[in-house]
Amino acid sequence: MLSPRRAFGPFMAGMGVLHLAAPKVFTPAMPAYLPAHRELILLSGAVELVAGAATMHPRTRRFGRLLAAATIVGVFPANVEMAMHPERFPKLPGGQRTLIARLPLQVPLFLLALRAGGRD
(Lines give C-alpha, C1' and ligand atoms only; values in the text may rest on other atoms or scores of the structure.)
Protein backbone atom coordinates (compact mmCIF):
# COMPACT_ATOMS: atom_id res chain seq x y z
CA MET A 1 0.00 0.00 0.00
CA LEU A 2 1.23 3.48 -0.84
CA SER A 3 1.93 5.92 1.97
CA PRO A 4 -0.17 9.11 1.87
CA ARG A 5 2.91 11.03 0.71
CA ARG A 6 3.43 8.66 -2.22
CA ALA A 7 -0.29 8.38 -3.01
CA PHE A 8 -0.70 12.15 -3.24
CA GLY A 9 0.85 12.47 -6.73
CA PRO A 10 -1.39 9.85 -8.36
CA PHE A 11 -4.40 11.30 -6.50
CA MET A 12 -3.66 14.84 -7.69
CA ALA A 13 -2.96 13.68 -11.25
CA GLY A 14 -6.18 11.68 -11.21
CA MET A 15 -8.18 14.70 -10.13
CA GLY A 16 -6.59 16.60 -13.00
CA VAL A 17 -7.66 13.93 -15.47
CA LEU A 18 -11.21 14.09 -14.09
CA HIS A 19 -11.32 17.85 -14.61
CA LEU A 20 -10.11 17.44 -18.18
CA ALA A 21 -12.35 14.49 -19.03
CA ALA A 22 -15.59 15.75 -17.45
CA PRO A 23 -15.43 19.53 -16.94
CA LYS A 24 -19.23 19.83 -16.76
CA VAL A 25 -19.21 17.89 -13.47
CA PHE A 26 -17.22 20.74 -11.88
CA THR A 27 -19.28 23.63 -13.28
CA PRO A 28 -21.73 23.82 -10.34
CA ALA A 29 -18.79 24.47 -8.00
CA MET A 30 -17.61 27.53 -9.92
CA PRO A 31 -18.21 30.85 -8.16
CA ALA A 32 -20.35 33.19 -10.27
CA TYR A 33 -17.83 36.02 -9.93
CA LEU A 34 -15.19 34.06 -11.88
CA PRO A 35 -15.16 34.34 -15.67
CA ALA A 36 -14.64 31.57 -18.22
CA HIS A 37 -15.78 28.67 -16.06
CA ARG A 38 -15.00 25.91 -18.56
CA GLU A 39 -11.56 27.33 -19.30
CA LEU A 40 -10.71 27.66 -15.61
CA ILE A 41 -11.85 24.11 -14.95
CA LEU A 42 -9.67 22.82 -17.79
CA LEU A 43 -6.74 24.95 -16.63
CA SER A 44 -7.05 23.71 -13.06
CA GLY A 45 -7.21 20.14 -14.36
CA ALA A 46 -4.05 20.61 -16.40
CA VAL A 47 -2.27 22.17 -13.43
CA GLU A 48 -3.40 19.37 -11.11
CA LEU A 49 -2.15 16.78 -13.58
CA VAL A 50 1.24 18.49 -13.90
CA ALA A 51 1.55 19.02 -10.15
CA GLY A 52 0.65 15.42 -9.38
CA ALA A 53 3.06 14.04 -11.96
CA ALA A 54 5.83 16.38 -10.81
CA THR A 55 5.61 15.15 -7.21
CA MET A 56 6.39 11.64 -8.42
CA HIS A 57 9.91 12.34 -9.66
CA PRO A 58 12.80 13.47 -7.43
CA ARG A 59 14.00 16.13 -9.88
CA THR A 60 10.62 17.86 -10.12
CA ARG A 61 9.24 17.01 -6.69
CA ARG A 62 9.86 20.42 -5.07
CA PHE A 63 8.18 22.21 -7.97
CA GLY A 64 5.31 19.72 -7.89
CA ARG A 65 4.79 20.17 -4.17
CA LEU A 66 4.64 23.95 -4.43
CA LEU A 67 2.38 23.84 -7.49
CA ALA A 68 0.05 21.34 -5.80
CA ALA A 69 -0.16 23.43 -2.63
CA ALA A 70 -0.84 26.60 -4.66
CA THR A 71 -3.52 24.77 -6.62
CA ILE A 72 -5.25 23.62 -3.44
CA VAL A 73 -5.35 27.24 -2.28
CA GLY A 74 -6.52 28.37 -5.72
CA VAL A 75 -9.47 26.00 -5.88
CA PHE A 76 -10.58 26.68 -2.29
CA PRO A 77 -13.21 29.21 -3.46
CA ALA A 78 -14.91 26.37 -5.34
CA ASN A 79 -15.08 24.37 -2.09
CA VAL A 80 -16.64 27.37 -0.35
CA GLU A 81 -19.10 27.78 -3.23
CA MET A 82 -20.12 24.15 -2.85
CA ALA A 83 -20.72 24.55 0.89
CA MET A 84 -22.79 27.68 0.29
CA HIS A 85 -24.92 26.05 -2.42
CA PRO A 86 -25.57 22.44 -1.42
CA GLU A 87 -28.71 22.35 -3.57
CA ARG A 88 -26.41 22.10 -6.61
CA PHE A 89 -25.13 18.74 -5.32
CA PRO A 90 -28.27 16.75 -4.49
CA LYS A 91 -26.60 13.34 -4.91
CA LEU A 92 -23.83 14.03 -2.39
CA PRO A 93 -24.31 11.95 0.77
CA GLY A 94 -24.66 14.15 3.83
CA GLY A 95 -25.52 17.25 1.83
CA GLN A 96 -24.39 20.55 3.28
CA ARG A 97 -22.85 18.90 6.36
CA THR A 98 -20.48 16.97 4.11
CA LEU A 99 -19.66 20.07 2.07
CA ILE A 100 -18.92 22.12 5.17
CA ALA A 101 -16.88 19.28 6.69
CA ARG A 102 -14.69 19.28 3.55
CA LEU A 103 -13.53 22.86 4.14
CA PRO A 104 -11.18 22.28 7.10
CA LEU A 105 -9.90 19.10 5.41
CA GLN A 106 -8.23 21.35 2.84
CA VAL A 107 -5.61 22.27 5.47
CA PRO A 108 -4.21 18.75 5.90
CA LEU A 109 -4.46 18.25 2.14
CA PHE A 110 -2.39 21.43 1.66
CA LEU A 111 0.16 20.20 4.21
CA LEU A 112 0.29 16.80 2.53
CA ALA A 113 0.95 18.52 -0.79
CA LEU A 114 3.99 20.22 0.75
CA ARG A 115 5.34 16.80 1.81
CA ALA A 116 4.24 14.80 -1.23
CA GLY A 117 6.38 12.26 -2.98
CA GLY A 118 8.40 10.70 -0.22
CA ARG A 119 12.11 11.19 0.29
CA ASP A 120 14.09 13.68 -1.75
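About the criteria used
- Residues numbered from 1 in each chain as written.
- Predicted model: local features only at pLDDT ≥ 70, side-chain atom pairs only at ≥ 80, totals over all residues.
- Heavy atoms only, no water.
- Helix = DSSP H or I, 4+ residues; strand = E, 2+ residues; numbered from the N terminus.
- Core = buried A, V, L, I, M, F, W, Y, C linked by side-chain atoms within 4.5 Å.
- Buried < 20%, exposed > 50% of the residue type's maximum accessible area, 1.4 Å probe, protein only.
- Contact = heavy atoms within 4.5 Å.
- pLDDT = per-residue confidence, 0-100.
- Phe/Tyr/Trp six-rings, centres within 6.5 Å; stacked < 30°, edge-to-face > 60°.

Undergrad: Please explain the environment of Met84 as it appears in this structure.
TA: The residue Met84 is located in helix α5 (residues 76-84) in this model. C-alpha separation for the pair Met84 and Leu66, spaced 18 residues apart in sequence, amounts to 28 Å.

Undergrad: Help me understand the nonpolar core in this model?
TA: Across soluble globular proteins, nonpolar side chains show a tendency to be buried alongside one another. Membership of the largest hydrophobic core is limited to eight residues, which are Phe8, Met12, Ala51, Ala68, Ala69, Ile72, Ala113 and Ala116. Of all the elements in the fold, those that place two or more residues in this core are α1 (4-21) and α4 (61-74). For Ala116, the contacting residues outside a window of four places in its chain are Arg5, Phe8, Thr55, Arg61 and Arg65.

Undergrad: Even after reading the chapter, I still don't get the confidence of the model for the protein, so can you show me in this structure?
TA: Taken residue by residue, the protein gives an average pLDDT of 95. The fraction at 70 or more is 98%. By mean pLDDT, α1 is the weakest element of the protein at 95, and helix α3 (residues 37-54) is the strongest at 98.

Undergrad: Can you help me understand the packing of aromatic side chains in this one?
TA: This structure, assessed with the given rule, holds one aromatic pair. Taking the centre distance of 6.5 Å and the plane angle of 50 degrees together, the rings of Phe8 and Phe11 count as tilted. Placement of the pair is Phe8 and Phe11 together in helix α1, with a separation of three residues, close to one helical turn.

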